[in-house]
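# Reading the structure
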Amino acid sequence: MDHTENVDQDAVLRARTMLLGSGRPDVGRQVEAYRVLSAVSPLTYLPKLTEALLSYGYAPEVRDLPDVRLARYAEAAVAARRIDAGEHNRTELLVRALSAYRRELCAAGRRAEGLAVCEEMAEAGRWGFAHGQVPSPVYGQGPLAVVLAEEGRHQEAADLCGESVRIARSKSSAEVSKTRAPSGSSEAPESPEAPEASFWELLEWAAELDAAGCHDAALEVFADIVAGSRAKAARNGTALAILIWQLVHRAGMLDAAGQCVEARAARLEALTFLSELDRTGERESWSNILTWWVTLYALSGRSAEPPPRPGSPAPPFGSPFLAWSPDVKKGYLDGLAALEEQVAGLKEAARAEPSGRLPEVVALHRRLTIRAAVRRENRSHLILKPLRPLFDEGVALARDAAYATGADTAAAVAAPADQAGATGTADTANAEQSRKALARALTDRSMFLVAAGQYGEAHDDYREALDLLG
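The following paragraphs examine the structure supplied in this document.

Cut-offs used in this document
Residues numbered from 1 in each chain as written. Predicted model: local features only at pLDDT ≥ 70, side-chain atom pairs only at ≥ 80, totals over all residues. Heavy atoms only, no water. Helix = DSSP H or I, 4+ residues; strand = E, 2+ residues; numbered from the N terminus. Buried < 20%, exposed > 50% of the residue type's maximum accessible area, 1.4 Å probe, protein only. Contact = heavy atoms within 4.5 Å. Areas by Shrake-Rupley, 256 points an atom, 1.4 Å probe, with all protein chains shown as cover. Disulfide = S-S within 2.5 Å. Phe/Tyr/Trp six-rings, centres within 6.5 Å; stacked < 30°, edge-to-face > 60°. Lys NZ or Arg CZ within 6 Å of the ring centre and 35° of its normal. Core = buried A, V, L, I, M, F, W, Y, C linked by side-chain atoms within 4.5 Å. Expected span 1.5 Å × (residues − 1). Bend = angle between axes of the 7 residues up to and from the residue. Axes fitted to C-alpha atoms, helices over the stretch in contact; angles between N-to-C directions. Parallel < 35°, antiparallel > 145°, perpendicular 65-115°, else oblique. Left-handed = near helix turned anticlockwise from the far one by under 90°. Nonpolar A, V, L, I, M, F, W, Y, C, P; charged D, E, K, R; others polar. Salt bridge = Lys/Arg side-chain N within 4 Å of Asp/Glu carboxyl O.

From N to C terminus, the protein includes 19 helices and zero strands. Sorting the 470 residues of the protein into buried and exposed places 46% on the buried side. By sequence separation, contacts in the protein at least 24 residues apart represent 64% of the contacts at least 6 residues apart. When the accessible surface of the protein is split by element, carbon and sulfur atoms take 52% of a total near 22,900 Å².

What follows is the structure, encoded as structure tokens:
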């Protein structure tokens with residue numbers, strides 16, 4: 001419906017003339033015109049106003065003006081909410097506008113409002129699905145799961161992630177059933193690439209289940225991740241590196257669950273594929289896959305990071321860095337400088353008391369290395385030279401700690417933990433922990449070297465790690 005009463009007709013004429021001019025007006029002038037015209041013809045111009053305001057928020061001149069960006073995205077959200085329900089793009093535009101608004105709210109520290117906007121996005125997606133505007137009832141729901149995870153509401157986040165996976169799987173089953181041969185046909189059914197739940201959907205679900213204390217369920221979901229990648233690798237549908245990273249992460253999960261036999265089997269399977277990489281490289285050429293490595297690497301360090309507290313959100317480990325809220329990204333990376341100072345201080349203390357302080361240095365240095373890897377991967381695909389010194393130092397520190405507790409490589413192989421002698425239970429436990437820490441440092445460096453394409457060195461590190469673990 002058009003609304004012409006109480007409208008400045010001269011302003012309307014100027015707006016139409018500007019838009020119909022020979023040269024396309026800049027986005028600021030488009031916004032001015034659409035503001036006027038949306039009052040007269042909301043059906044036509046509210047969608048255009050929303051699009052223009054979203055572009056206006058990305059304008060270079062407001063890159064360092066967060067308050068201006070926030071105001072523009074707030075106006076875009078208001079405009080999108082007013083779009084007629086019959087507009088076929090309404091849900092897509094509304095979710096986009098709300099998403100931009102939510103990001104700026106979180107960046108401004110207004111997380112409660114950001115969470116409310118995330119809930120509105122999820123509701124908009126459900127409405128849009130019911131009205132045939134979007135293909136899934138969980139459209140727009142992802143950011144809500146992320147923000148809940150950041151707030152420490154892991155069970156709620158896991159429930160949302162599980163819903164997304166179940167819906168993706170039901171769509172997959174429906175697509176497969178459509179491709180089956182008709183009844184009575186002698187032809188074999190086709191096997192297309194159906195839209196199964198993605199690695200990222202499954203990983204986020206597994207991570208949130210684990211954080212919520214549902215460790216067995218998390219292991220089952222991660223087993224599905226590995227099984228899917230194993231099947232894809234068999235037909236050259238994914239990089240061997242990705243499968244290796246997944247197997248190594250699964251081994252760590254199995255260790256934490258006390259399933260040592262299964263953990264060793266996962267590590268040996270990873271070694272088989274790493275040996276192939278060492279001999280012949282990847283079977284196919286792949287574009288940048290570093291996000292898979294760094295996301296799993298960061299997730300492996302979650303237990304060492306401070307948990308979320310009221311007013312102090314934590315990263316949603318298991319989600320890619322780009323999906324984190326802006327304030328959480330900033331806080332995580334800003335913490336690098338403080339970690340560097342802490343590591344330096346502990347190193348000084350460890351010179352006087354190696355056996356007592358070196359394990360602390362090793363653990364803290366790992367936190368530092370993970371954060372540095374997350375920062376680097378999101379700035380450049382060139383990781384070898386910038387990050388290698390950190391991984392090398394991590395291995396060197398872990399070796400020093402192992403030697404300080406008597407857990408050098410030879411002793412680790414000759415005298416495992418269940419054969420403790422007269423050195424005493426405490427010394428044996430310290431040696432065991434140092435040996436595991438060295439194996440972890442070697443594994444970390446090996447997986448980094450896989451990411452950097454240095455397969456021979458990666459293989460050597462991983463073999464040594466497996467020898468240490470027995």
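Tallied over the entire structure, the rule returns zero disulfides. Counting only cysteine sulfurs, cysteine 118 is the nearest neighbor of cysteine 106, a cysteine outside any disulfide, at a range of 6.2 Å.

Turning our attention to the packing of aromatic side chains. Taken as a whole and judged by the stated rule, the model has 14 aromatic pairs. With centroids separated by 5.9 Å and ring planes inclined at 65°, the aromatic side chains of tyrosine 58 and tyrosine 73 adopt a geometry described as edge-to-face. With tyrosine 58 in the loop between helix H3 (42-57) and helix H4 (66-82) and tyrosine 73 in helix H4, this pair connects stretches of sequence that are 15 residues apart. Using a relative accessible area of 2% as the deciding quantity, one classes tyrosine 73 as buried. Judged by centre distance (5.8 Å) and plane angle (15°), the rings of tryptophan 293 and tyrosine 297 are stacked. On the criterion of helical spacing, the pair formed by tryptophan 293 and tyrosine 297 is a turn pair, its members being four residues apart in helix H13 (residues 290-300). Grouping residues by exposure puts tryptophan 293 and tyrosine 297 together as buried. A network of ring pairs unites the aromatic residues Trp293, Tyr297, Phe391 and Phe448 as a single cluster. Across from the ring centre of tryptophan 127, 5.1 Å away, lies the NZ or CZ of arginine 90, which sits over that ring.

Glancing now at the side chain of threonine 50. Topologically, threonine 50 is positioned in helix H3. Relative accessible area serves as the criterion here: at 0%, threonine 50 is assigned to the buried category. The contacts of threonine 50, once residues within four sequence positions are left out, are Ala76, Ala79, Ala80, Ile83, Leu93 and Ala97.

Turning our eyes to something else, we now look at the nonpolar core. Membership of the largest hydrophobic core comes to 101 residues, with the highest contact counts inside it found for Trp245, Trp293, Leu387, Met447 and Val450. In contact with leucine 387, other than residues within four places in its own chain, are Trp293, Ala372, Ala373, Arg376 and Phe448. Counting residues in hydrophobic clusters, the runner-up holds 33 residues, among them Leu46, Ala76, Ala77 and Ala79.

Glancing now at helix H12 (residues 260-280). The first and last C-alpha atoms of H12 sit 30 Å apart over 21 residues, in line with the 30 Å expected at 1.5 Å per residue. When we look at burial in H12, the residues that qualify are Ala263, Ala266, Arg267, Ala270, Leu271, Phe273, Leu274, Ser275, Glu276 and Leu277. Just beyond H12, the residue with positive phi is glycine 281, at close to 75°.

Our focus in this paragraph is helix H14 (residues 326-352). In this model H14 runs 41 Å from its N-terminal to its C-terminal C-alpha over 27 residues, within 8% of the 39 Å that 1.5 Å per residue would give. The largest bend in H14 comes to about 30°, at alanine 337. Along H14, the positions that sit buried rather than exposed are Val328, Tyr332, Gly335, Leu336, Leu339, Val343, Leu346 and Ala350.

What follows deals with the side chain of serine 325. Inspection of the secondary structure assignment puts serine 325 in the loop between H13 and H14. Residues within four places of serine 325 in sequence aside, it is in contact with Arg102, Cys106, Arg111, Val147 and Glu150.

Further remarks concern unusual backbone geometry. For residues that are not glycine, phi is negative in most cases, and the peptide bond is trans in most cases. For asparagine 236, which is not a glycine, the phi torsion comes out positive at approximately 60°. One can find asparagine 236 in the loop between helix H10 (215-234) and helix H11 (240-256).

Interaxial distance between H11 and H12 falls to 8 Å at its minimum, and their mutual angle equals 160°. With respect to H12, the element H11 is oriented roughly antiparallel. The way H11 lies across H12 gives a crossing that is left-handed. Here H11 contributes Leu240, Ala241, Leu243, Ile244, Leu247, Val248, Ala251, Gly252, Leu254 and Asp255 to the contact with H12, which in turn contributes Cys260, Glu262, Ala263, Ala266, Arg267, Glu269, Ala270, Phe273, Leu274, Glu276 and Leu277. Grouping the amino acids of the contact of H11 with H12 by side-chain chemistry returns 15 nonpolar, one polar and five charged.

For valine 395, the location among the structural elements is in helix H16 (residues 384-404). The sequence separation of valine 395 and arginine 445 amounts to 50 residues, and the corresponding C-alpha distance is 7.7 Å.

Scanning all chains against the criterion turns up 30 salt bridges. Taking the shortest distance from any N to any O, the salt bridge between arginine 283 and glutamate 276 comes out at 2.8 Å. Residue arginine 283 is classed as partly exposed on the basis of its relative accessible area, which comes to 35%. For glutamate 276, a relative accessible area of 16% corresponds to the buried category. Across the pair arginine 367 and glutamate 305 runs a salt bridge whose closest N-O atoms are separated by 3.2 Å. In this pair, arginine 367 sits in helix H15 (residues 354-377) while glutamate 305 sits in the loop between H13 and H14, placing the two residues 62 residues apart along the sequence. A single network of salt bridges, built from pairs that share partners, joins Arg388, Asp392, Arg445, Glu457 and Asp461.

One way to put it is that helix H9 (residues 199-211) packs onto H13 with a least axis distance of 12 Å and a crossing angle of 5°. Here H9 is positioned roughly parallel relative to H13, judged by the angle of their axes. Contacts between H9 and H13 involve Phe199, Trp200, Leu203 and Ala207 from the former and Thr291, Trp292, Thr295, Leu296 and Leu299 from the latter. Here the residues of the contact of H9 with H13 are counted per class, giving seven nonpolar, two polar and no charged.

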